[in-house]
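Architecture and fold: a report
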Amino acid sequence: MMRSPIVAGNWKMNKTVEEAVEFVNQIKNHLPNPDVQETVLAAPTIALVPMVKAAAGTPLKIAAENCYYQDAGAFTGETSPTTLYSAGIHHVILGHSERRKLFNETDHLINLKVHAALDAGLCPIVCCDETMGRRVAGKKVHWVVSRILADLKDLKPENVDKVTIAYEPSWAIGTGESMDPDQAEEGCYLIRQTIADMYGDTIANNVRILYGGSVNSDNINQLMASQDIDGVLAGGASLDPQSFLKLVNH
Ligand SMILES: O=C[C@H](O)COP(=O)(O)O
């Protein structure tokens, strides 16, 4: 099957609600047909509902940057995946390296969140990081493989291709130092092989795998030309409407 590409932006903790809506209004009429390439924008929780309203009827899909693994209850400050889905959110980023590092999220927690997001009807974008230390120590295989084995554990086979993976080497995030496309392909290939070992070749071949880490309009074409790279997850380059449009219409 042909995997349709995804260009996704992750604003992280940036923009006011007003700025977020203005951004959507500036880009929404300049996006590719979603059958050819999906456009996804992940934003802070408080901006999501007004962004969904602004994007209605356009190809733009709005994503959350995190959610909890329970649907409802006494979990002060958390956001339910069902609430996100009911608000017209399509995707949720889970396990971004910033959440792993700054908020101590573990693979076990991320796996619970992936299950909950899928049960709620959301498509998770699961981030698989890799550290330079591991790479230098020659343990990159174990690192990436163990992340995928743990984060995608025990999914219903029919749900697996609703998951998108974002391969993000930590040293390339926000540094301006993108990974060499051959190395990025190597990481994404390894992720696909791991999913194939878990759920079989057919399912693995349907899963979209993105590269993230200092993606910009100069390197996106080379990255997306790789066989196992089905798109990008861009941080900094998604913050300005013209810069994001350059990625989307690369
Ligand atoms: O989620 C996005 C990544 O953390 C990449 O961020 P960046 O494009 O600013 O390096």
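Residues numbered from 1 in each chain as written. Predicted model: local features only at pLDDT ≥ 70, side-chain atom pairs only at ≥ 80, totals over all residues.

The condition is simple: UniProt positions are given in the numbering used here, feature names are shortened, and annotations may be inferred rather than shown by experiment.
The protein goes by Triosephosphate isomerase in an unreviewed UniProt entry, where it is assigned to Limosilactobacillus coleohominis 101-4-CHN. In its Subcellular location (unreviewed entry) section, UniProt records this for the protein: "Cytoplasm". Under the heading Sequence similarities (unreviewed entry), UniProt records this for the protein: "Belongs to the triosephosphate isomerase family."

**What about the UniProt feature "active site" (unreviewed entry) in the protein?**
Condition: Numbering of helices and strands runs from the N terminus; a helix is a DSSP stretch of H or I covering at least four residues, while a strand is a stretch of E covering at least two. Residue burial here comes from a neighbour count, namely the number of other C-beta atoms, placed from the backbone, that lie within 10 Å of the residue's own C-beta, with 20 or more meaning buried, 12 or fewer meaning exposed, and in between meaning partly exposed.
The residues that UniProt annotates with the feature "active site" (unreviewed entry) are His-96 and Glu-168. A maximum C-alpha distance of 8.6 Å is found for the annotated residues, which run over 73 residues; spatially they form one tight group. Examined against the element boundaries, His-96 turns out to sit in the loop between strand S4 (91–94) and helix H4 (97–102). Counting through the fold element by element, Glu-168 comes out in strand S6 (residues 164–169). On the basis of neighbour counts, which here come to 28 C-beta atoms within 10 Å, the residue Glu-168 falls in the buried class.

**Points about the site of the ligand**
Where we set the bar: For each residue, a C-beta atom is placed from the backbone, and the residue is labelled near a molecule or strand when this atom is within 6 Å of it. Under this grouping Gly is polar, as are all residues other than the nonpolar Ala, Val, Leu, Ile, Met, Phe, Trp, Tyr, Cys and Pro and the charged Asp, Glu, Lys and Arg.
Inspection of the region around the ligand gives 14 residues, with Asn-10, Ile-173, Gly-212, Gly-235 and Gly-236 positioned closest. Taken together, the residues of the shell around the ligand break down into five nonpolar, eight polar and one charged.

**Description of the UniProt feature "binding site: substrate" (unreviewed entry) in the protein**
Test applied: The contact rule is simple: place each C-beta atom from the backbone, and if two of them lie within 7 Å, those residues are in contact.
According to UniProt, the positions carrying the feature "binding site: substrate" (unreviewed entry) are Asn-10, Trp-11, Lys-12, Gly-174, Ser-214, Gly-235 and Gly-236. In three dimensions, the annotated residues from a span of 227 residues occupy one location, with a maximal C-alpha spread of 14.0 Å. The residue Trp-11 is located in the loop between strand S1 (6–10) and helix H1 (17–27) in this model. Its 22 C-beta neighbours within 10 Å are what place Trp-11 among the buried residues. For Gly-174, the residues in contact, after removing those within four places along its chain, are Gly-235 and Gly-236.

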